[in-house]
Every structure is written in C-alpha cells, then in structure tokens.
Amino acid sequence: MYSKILSGAALGIDGLLISVESDISRGLPGLSLVGYLSSSVKEAGERVRTALKNVGYSLPSRRITVNLSPADVHKEGAGFDLAISISILISMGEIPINSKLNRDLEKTVFLGEMGLDGSVLPVTGVLPILDHAVRNGIRRAIVPCGNFVEASYIKKMDIIPVDNLYDLVEMMKNRVWDKGIIEIPSGDQTDIMGNVDLADIKGQEVMKRGVVVAVAGFHNILLTGAAGSGKSMISKCMPDIMPPLTFEESLELTKIYSVAGKLDLSKGLMKRRPFRSPHQNVSEIAMIGGGANPKPGEVSLASGGVLFLDEFPEFSRGVIESLRQPMEDRCVTVSRLRNSFTFPSRFMLVSARNNCPCGFFPDRNKCRCSMSEIYRYQNKISHPIMDRIDMRIEVRPLTYDEMFSTKKGMSSEDARAVIKVARRRQEIRYKNESFSFNSELPQGYIDRYLSLGEDENLLLRKLFESNDFSARGYYKLLKLARTIADISDRENIECCDLEEAAFYRNESGGTNWE
C-alpha cells in the first residue's frame, strides 16, 4: 500500500516541504530509504524500526521503500523520523485512511526525531520550516513538545505537540486533531537587562557619546586605547541601549538560532538583541558560517545586535578580511555544489584594540615596544576593513581624579532616551524602505534623504580635501552626520554635525603617535 505525508527541511534560514512516500510490496524483506540522504537520515531506518516495535507495531516481512522528495535536495538531520514512522504505519494499514483524513494530511506537516522507546524528541530548524509551510497553505503541524513554544509563534497554523508515537497514532485513528491543540503562550520572552550600566564607567564621556551615536545609527565602531580604559565594559552595555527588536527582527533572529541549534526551546521568540564575542582563535568558517552541512556563523548569530571583537588585531588575517562582504551586503551566501544558503548578517561591528602589543603606548614609562612593532601591530587591520568601519574613537587612560570622582556621567537610561529620539526619526524617514538605519542607507538614496546647505557643502568639501577620504569614507561621513542630527532631533544637517562626524570618522585610524 502506498502513502504520502509531508515533512520539512531547513535550507539556511528558509524552509522546504519534503514529501515522505512509503510503499510496501512483495519482495526481499527490508526497509530502504532513498532520496539523496545523509548518514543521519539513513540511520532513521533503524530508529524507526525499533521505535515502532516498542510501541507495539512490528514491520511486516515485506519490502518497504521510503522516498524523501525532492530527490535533488540533500536531506540532513533526524527531523524526518516522525513522518517516516507515520507514513509506514499508514502503508501497513495500522492507521485507516479515508477521504477526510487524506485531505487533513495534505495540510499537515510532521516534524520530530524518534527515540527508541517511541518518544518524539525535539529537532532544530522548526521555525523556518513552519514559516515556509504556512506560506504554502499548510494549516496543521505535528511537532515534539520540546519545540512547541518555538512553533507556536507561527500564526494561522494549528500546532499539535506530541511526546510519543503511540499518542499520535491514537489521535489519528480517532480523528481528534483538536484534542492535541494547546493554547499558545501569551507572554513573550522576558527582556533581561545586563549587569553593566554606562553610569558604572568612570569618565570617558567622549567614548560614551560616540557609542550612543554608533548605536543610534547602527554604525560599525573601533575603540582604540590603553588597556583597562573601559573599551570592553562599554561594549557590553550596547545591547541594552539598543532599540527593542521588532517582531520581524525577532522572528528572523529566532530562525537563525533555531537552525544553528542554539535556541532556548523554553522561551520562544528571542526578544533581546544578541551580543556575540568570539575568541581570537575563531576559525573563518565559525565566523562567517558554512561547513559540510552549512550553519550560521558568528556574523549571523549577531544579526540585529553586536559582534564584539576584542583585541581586533589578534584575530587571524583571514578572519578579519572575511568580514568585508558581510559588513557591506548584510548577508552571507554559502555556496555548495547543489545548493546555496543565505544567512542574514545585519550586525553592528564593535571592535577594540590597544595602541601597541603590550597595551601601554603612549606611556613610555611602561611601554617597551619599538616603533616598528607598534606599526606592524596597527597595520594588521587592512585599509579596506578600516574604511568599512564608520567610527574610529581614541580612548584615553583615566586620570586619578576621574577614577575616584563621585560625579555621575551618562547612564544607560539616558542613552536609551537619546537613541529613542534618533530611532523614531529613522523609522518615520525610512518607513517605506527596505532598510531601517542610517548606516544602511544605499548610496543611490543619499540625495533623497541627506540635504546640505551652502555652508555645509563648503565645509564638507574642505573636510574631503584635507582628510583624503575615499568615496566610501565620504558617504559614511554623511551618514554619521545624519545620525548626529537625528540625535539632536533635527531634520537638517548642520556644520556642527559634520565636524563631529569627522571627529568620529578619524581618518588617522585612531592611532595616537605622540
């Protein structure tokens, strides 16, 4: 007897419906799985055979063929186990089929890994699969209980969680789909603020102002200064002063973490902007994404949030240079022989470095690095990468008076209020566009959204000629000025905005040679 039901696979952060077909016929007894399968899918045969036996169903002494279609798409993972089990049971006649159940199955997708005792175990990539399924007319999903919270955020679809195969078979025999439906949780994931506040950072008001500008416009930033001056500490504050994720951003970020297998299955949609801080020994594949079975890298896991690279020059040259394309295109495409996978990478790069290898320059009482060592250290970051970094801020060491001052500086709450003003202006300005932040403004839209007066144009010309800006640097200066004007709640860019933008742009690269 022939049967066909639906399952799904994740391709990047997109989904694909997979048809699971089973047929039982005369011939040499055995279970054959076909359809361009990885070893993990081929092993499903033994998992399914044992699971069925342990819930009371023994495979007949006949030839059983299971096909996963389309056959030209490589199938990975254990998420097809449940669909394979149900398809075989229908072919065996253990689940009686009529026209109504057939119609139901055409609109139902099955996802889950089988335990040997018949339990249904959670799998990765459920959210992108169901998002694709509902767009293609699927109205019911059978998922493991462990994936229920994640799956429940897909609207216009009945999510039916199951924890063992026996219950699902009884549900299908009795045609009682609705009894498996559980109410969708009403609350969202709690947005827990970090333990570091901007007010905890003594002094460094210039650095704080620069960070507020960077966050307001989602600009990449490089902090250069002596060790222990607060660069890492202020970087950890950034996710908490960023504007909240929109629903679309939350859904996209949750898809990324679901595919990567890093999603907390108990919390549903991610509501807090990510902060990723990989170690200097991170590989290029781990940073950008890829592998035999392509997975998102750090640039994608940081999408919508902060990618913090401490001791930036200590990362390998290949890793640093691999950031060029993700920083510009806001996405990463991993190509394989038969498929290509696209992962978002809308991250804000926050990098930090010392002035020299020992970290004490320009204090010659402590620094023993030669000028050639300092030069080599600073030039580990190539000009193309530096040019893609919007802001390069020098961070000076704290004085004794600043360290022990009782004067309160800018707090995270103050920063959020300022950023909210700038963010509201950008939302209104770009409401009909595909981008959201000033840093994402395409070159072709510059004249539409950035208008300068006569004095501002004269100043801009002077800055361009005196600083030897590249074309990219010129446009990044304009976008920075646009963000600074937004922070001041002004639509028109003034000369003071351009001057402050040029200060943060700092074409010397943030190196103090004095």
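Residues numbered from 1 in each chain as written. Predicted model: local features only at pLDDT ≥ 70, side-chain atom pairs only at ≥ 80, totals over all residues. Heavy atoms only, no water.

Looking now at the sheet that holds strand β11 (residues 275-276). Taken in spatial order, the 5 strands make up an open sheet running β11-β14-β17-β10-β18, and their pairing is parallel. Since the sheet does not close on itself, it has two edges, and those belong to β11 and β18 (391-395), each with one partner. Sheet topology note: the strand β10 (residues 221-225)/strand β17 (residues 348-353) ladder contains 4 bridges and is parallel. Bridge pairing in β17 places threonine 224 opposite arginine 353. (Pairing = 2+ DSSP bridges. Helix = DSSP H or I, 4+ residues; strand = E, 2+ residues; numbered from the N terminus.)

A word on helix α2 (residues 44-54). Within α2, burial applies to Ala44, Gly45, Arg47, Val48, Ala51 and Leu52. For α2, the angular spread of the buried residues around the axis is 165°, confining them to a single face. Those residues of α2 that are buried lie in contact with β3 (30-34), α1 (39-42), α3 (81-92), β6 (113-114) and α7 (165-173). In the segment just after α2, glycine 56 is the residue with positive phi, at about 105°. (Buried < 20%, exposed > 50% of the residue type's maximum accessible area, 1.4 Å probe, protein only. Arc of directions from axis to C-beta. Contact = heavy atoms within 4.5 Å.)

Turning next to the pairing of strand β8 (residues 140-144). Across a regular strand the side chains alternate sides, sitting on one face of the sheet and then on the other. Burial within β8 is extensive, with 5 of its 5 residues counted as buried. Bridge count between β8 and strand β9 (residues 158-162): 5 bridges; the pairing is parallel. Within β9, the residue paired with arginine 140 across the bridge is aspartate 158.

What follows covers empty space enclosed by the protein. Evaluated as defined, the whole model comprises 1 cavity of 30 Å³ or more. Its boundaries defined by the atoms lining it, the largest cavity holds a volume of some 30 Å³. Looking at the largest cavity, the residues that line it are Glu249, Glu252, Leu253, Ser303, Gly304 and Arg346. Per-class residue counts for the lining of the largest cavity are 1 nonpolar, 2 polar and 3 charged. (1 Å grid on protein atoms, 1.4 Å probe; cavity = no way out; pocket = protein on both sides within 12 Å on 5 of 7 lines; lining within 4 Å. Points joined across faces, edges and corners; volume = space filled by probe spheres on them. Nonpolar A, V, L, I, M, F, W, Y, C, P; charged D, E, K, R; others polar.)

With that out of the way, let us pick up the nonpolar core. Counting 51 residues, the largest nonpolar core has Val211, Val215, Ile221, Met348, Met391 and Leu498 as the members making the most contacts within it. Judged by nonpolar contacts, the second largest core, of 42 residues, contains Ile5, Leu31, Leu37 and Val55. (Core = buried A, V, L, I, M, F, W, Y, C linked by side-chain atoms within 4.5 Å.)

Below, the discussion takes up the side chain of asparagine 438. Among the secondary structure elements, asparagine 438 is positioned in the loop between α18 (412-429) and α19 (446-449). On the basis of relative accessibility, which here comes to 0%, the residue asparagine 438 falls in the buried class. Side chain to side chain, asparagine 438 and tyrosine 430 meet in a polar contact 2.7 Å long. Looking at asparagine 438, its side chain comes within polar contact range of the side chain of aspartate 486, at 3.0 Å. (Polar contact = N/O pair within 3.5 Å; in protein donor to acceptor, adjacent residues only side chain to side chain.)

By the element assignment, arginine 273 lies in the loop between α10 (247-260) and β11. Judged by its relative accessible area of 5%, arginine 273 is buried. At a separation of 2.6 Å, a polar atom in the side chain of arginine 273 contacts the main-chain carbonyl oxygen of proline 243. Within the structure, arginine 273 has its side chain in polar contact with the side chain of glutamate 249 (distance 3.2 Å).

Taken as a whole and assessed by the stated rule, the structure comprises 9 aromatic pairs. The structure contains a cluster of three or more aromatic residues connected by ring pairs, namely Tyr430, Phe435, Tyr445 and Tyr449. Over the ring of phenylalanine 437 we find arginine 423, and its NZ or CZ is 4.3 Å from the ring centre. The ring of tyrosine 430 has arginine 429 lying over it, and the distance from NZ or CZ to the ring centre is 5.5 Å. (Phe/Tyr/Trp six-rings, centres within 6.5 Å; stacked < 30°, edge-to-face > 60°. Lys NZ or Arg CZ within 6 Å of the ring centre and 35° of its normal.)

Quick look at the layout of surface pockets now. Considering only enclosed or pocket space, the largest pocket measures out at about 770 Å³ in volume. In this structure, the largest pocket is lined by 31 residues; those nearest its centre are Arg330, Phe435, Ser439, Glu440 and Leu441. Residue contributions to the lining of the largest pocket peak at 4 residues, all from helix α21 (residues 471-487). Each residue belonging to the lining of the largest pocket can be placed in one class, and the counts come to 7 nonpolar, 7 polar and 17 charged. The space that makes up the second largest pocket amounts to roughly 550 Å³. Ala10, His74, Lys75, Glu76 and Asn293 are, among the 30 residues lining the second largest pocket, the residues nearest its centre.

This part takes up the pairing of β17. Burial analysis of β17 places 6 of its 6 residues in the buried class, the great majority of the element. Residues Met348, Val350 and Ala352 point to one face of β17 and Leu349, Ser351 and Arg353 to the other, with burial holding for every one of them. Alignment of strand β14 (residues 306-309) against β17, held across 4 bridges, turns out to be parallel. Across the sheet, the residue bridging to leucine 309 is serine 351, located in β17.

Applying the stated rule across the entire model yields 31 salt bridges. For glutamate 170, the salt bridge goes to lysine 173, with nearest N and O atoms at 3.9 Å. Here glutamate 170 and its partner lysine 173 are both found in helix α7, 3 residues apart, which amounts to about one turn of the helix. Owing to a relative accessible area of 25%, glutamate 170 belongs among the partly exposed residues under this scheme. Shared partners join several salt bridges into a network, and the residues in it are Arg425, Arg429, Arg482, Asp486, Asp489 and Glu491. (Salt bridge = Lys/Arg side-chain N within 4 Å of Asp/Glu carboxyl O.)

This part is about unusual backbone geometry. Cis rather than trans, the peptide bond between serine 69 and proline 70 has omega equal to 10°. By secondary structure assignment, the location of proline 70 is in the loop between β4 (63-69) and α3. Backbone geometry at arginine 330 places phi at a positive 60°, although glycine is not the residue there. Structurally, arginine 330 is set in the loop between α14 (324-329) and β15 (331-335).

The share of residues in the chain with pLDDT of 70 or more is 95%, and the mean pLDDT across the chain is 88. Here residues 186-192 scores under 50 on pLDDT; set against residues more than four positions off or in separate chains, the count is 12 contacts. Note on residues 510-514: pLDDT under 50 across the span, and 18 contacts to partners over four residues away in sequence or across chains. (pLDDT = per-residue confidence, 0-100.)

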